[in-house]
Amino acid sequence: MQFLIILSDMIFKQLFDDKSSTYTYILASDKGREALIIDPVIEHTNKYLNVLDELDLKLVKVIDTHIHADHVTGLNELSKKTNCTKIMGEKSKSEVVDLHVKEDDKIKIDNIELKVIYTPGHTDCSYSYLMNDRVFTGDTLLINGTGRTDFQNGSSKDQYDSLFNKLLKLPENTIVLPAHDYNGKTSSTIGSELKNNPRLQVDSVDQYIEIMNNLNLANPKMMDIAVPANVKGLTSDQL
Ligand code: FE2
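All values reported here derive from a predicted model rather than from experimental measurement. (Residues numbered from 1 in each chain as written. Predicted model: local features only at pLDDT ≥ 70, side-chain atom pairs only at ≥ 80, totals over all residues. Heavy atoms only, no water.)

**Student:** Hey, could you run me through the pairing of strand E5 (residues 58-63) in this one?
**Tutor:** Taken residue by residue, a regular strand's side chains alternate between the two faces of the sheet. In terms of strand pairing, strand E4 (residues 34-38) meets E5 through five bridges, oriented parallel. Paired with Ile37 across the two strands is Val62, which belongs to E5. Once you follow E4 into helix H1 (residues 45-54) and on to E5, the crossover reads as right-handed. Here E5 runs beside strand E6 (residues 85-89); their pairing, made up of three bridges, is parallel. (Pairing = 2+ DSSP bridges. Helix = DSSP H or I, 4+ residues; strand = E, 2+ residues; numbered from the N terminus. Right-handed = clockwise from strand over helix to strand, strands pointing away.)

Written out as structure tokens, the structure is:
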């Protein structure tokens, strides 16, 4: 499944991994220009390279919103193939990141600028990225949900703060682009999540913690492979 939107001044492409229900985003200002990828999945490396090739884009930066537990990142494979800069937040435990970013830093390619928002909770290395009218929320804010907080130094208290004091303070028409969706939804808005997301209909941090403590979810199937591979920055020949 792919969605391609060419806005007047930029290329925005959302790709989906069926196995882990991960969304990957390709951004560029126009054909023939620099590109940036957010949350790539290693198995789709060639697909991304084909898209870049078709649009005559040069991949210069690749970002993971956090250390993923449900798939092996394509960050390192893409960097090996294109020499692009691997970017994660400063709290990331990845051993191979080229550039660590922190709250309020700006990541630029051509005339596109992403502002870094530190949004811990799902993991302690979870970051969101704001680009004008849209925000890439990783697993912090999902559509009608929020990322689980029960492993990788997750904290439902921190997540409440990331949600209610950061992401949900963005303008209500800000487009929400999560790292996953399990129900076929591709985007939402801050206003819609405030109104409809069942996890956000709480009156206090304690109420939120109570909800998150009682999810009783099984660990992701890939967790024991994905987390160490993503920390070490393995490429496909090392898996
Ligand atoms: Fe995650």
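**Student:** Teacher, can you tell me more about the sheet that holds strand E10 (residues 127-131) here?
**Tutor:** As a general point, the strands of a sheet are linked pairwise by backbone hydrogen bonds and lie either parallel or antiparallel. With respect to topology, six strands assemble into an open sheet ordered E8-E9-E10-E11-E14-E15, the strand pairing being mixed. Since the sheet does not close on itself, it has two edges, and those belong to strand E8 (106-109) and strand E15 (188-189), each with one partner. Where strand E11 (residues 134-138) lies against strand E14 (residues 175-178), four bridges are found, and the strand directions are parallel. Within the sheet, the bridge partner assigned to Arg134 lies in E14 and is Ile175.

**Student:** Quick question: what am I supposed to make of the pattern of salt bridges here?
**Tutor:** Where charged atoms of side chains with opposite charge meet at close range, the side chains can pair. Evaluation of the coordinates by the stated rule reveals twelve salt bridges. Two residues, Asp105 and Lys102, come together in a salt bridge whose shortest N-O distance is 3.5 Å. The salt bridge involving Arg148 is made with Asp150; its shortest N-O contact spans 2.8 Å. We classify Arg148 as buried; its relative accessible area is 13%. (Salt bridge = Lys/Arg side-chain N within 4 Å of Asp/Glu carboxyl O. Buried < 20%, exposed > 50% of the residue type's maximum accessible area, 1.4 Å probe, protein only.)

**Student:** Can you walk me through the environment of Val231 in this structure?
**Tutor:** Following the sequence through the fold, Val231 ends up in helix H6 (residues 223-232). Those residues in contact with Val231 that lie beyond four places of it in its chain are Ile67, Lys93, Ser94 and Glu95. (Contact = heavy atoms within 4.5 Å.)

**Student:** I'm lost on the coordination of the iron ion in this one. Help?
**Tutor:** Perfect tetrahedral coordination of a metal by four donors corresponds to 109.5 degrees between them, and perfect octahedral coordination by six donors corresponds to 90 or 180 degrees. Around the iron ion, the donor atoms from the protein are His66 (NE2), His122 (NE2) and Asp139 (OD), and they sit 2.1 to 2.3 Å away. Here the donor residues of the iron ion share one chain and are spaced in sequence as H-x55-H-x16-D. With His122 in the loop between strand E9 (112-118) and E10 and Asp139 in the loop between E11 and strand E12 (141-142), the pair connects residues that are 17 residues apart, well separated along the chain. Asp139 sits in the buried class, given a relative accessible area of 7%. (Donors = N, O, S within 2.8 Å, 3.2 Å for Na, K, Ca; no water.)

**Student:** Any chance you could explain the side chain of Asp39 here in plain terms?
**Tutor:** Its location among the elements puts Asp39 in the loop between E4 and H1. There is no salt bridge for the buried Asp39, and the closest opposite charge comes from Arg134, which lies 15 Å off by N-O distance. At 2.8 Å, the side chain of Asp39 and the side chain of His68 are in polar contact. Residue contacts for Asp39: discarding those within four places in its chain leaves Thr22, Tyr23, Thr24, Ile63, Asp64, Thr65, His68 and Ala179. (Lys, Arg positive; Asp, Glu negative; His and termini not counted. Polar contact = N/O pair within 3.5 Å; in protein donor to acceptor, adjacent residues only side chain to side chain.)

**Student:** Got a minute to help me understand the packing of H1 against helix H2 (residues 75-82) in this structure?
**Tutor:** When two helices pack together, their arrangement is given by the angle between their axes and by how far apart the axes lie. Their axes nearest at 10 Å, the elements H1 and H2 cross at an angle of 50°. In terms of orientation, H1 lies oblique with respect to H2. Remark: the crossing between H1 and H2 carries right-handed chirality. Along the contact surface, H1 presents Thr45, Asn46, Tyr48 and Leu49, while H2 presents Glu77, Leu78, Lys81 and Thr82. (Axes fitted to C-alpha atoms, helices over the stretch in contact; angles between N-to-C directions. Parallel < 35°, antiparallel > 145°, perpendicular 65-115°, else oblique. Left-handed = near helix turned anticlockwise from the far one by under 90°.)

**Student:** I would appreciate a short explanation of the nonpolar core in the present structure.
**Tutor:** If you look at soluble globular proteins, the nonpolar side chains tend to sit buried side by side. Membership of the largest hydrophobic core comes to 26 residues, with the highest contact counts inside it found for Ile26, Ile37, Tyr48, Leu52, Leu57, Leu59 and Leu78. Of all the secondary structure elements, the ones that give two or more residues to this core are strand E2 (10-17), strand E3 (22-28), E4, H1, E5, H2 and H6. Once you skip the residues sitting within four places of it in the chain, Leu78 turns out to touch Ile37, Pro40, Thr45, Tyr48, Leu49, Leu59, Val62, Asn83 and Cys84. Counting residues in hydrophobic clusters, the runner-up holds 23 residues, among them Met10, Phe12, Ile87 and Ile109. (Core = buried A, V, L, I, M, F, W, Y, C linked by side-chain atoms within 4.5 Å.)

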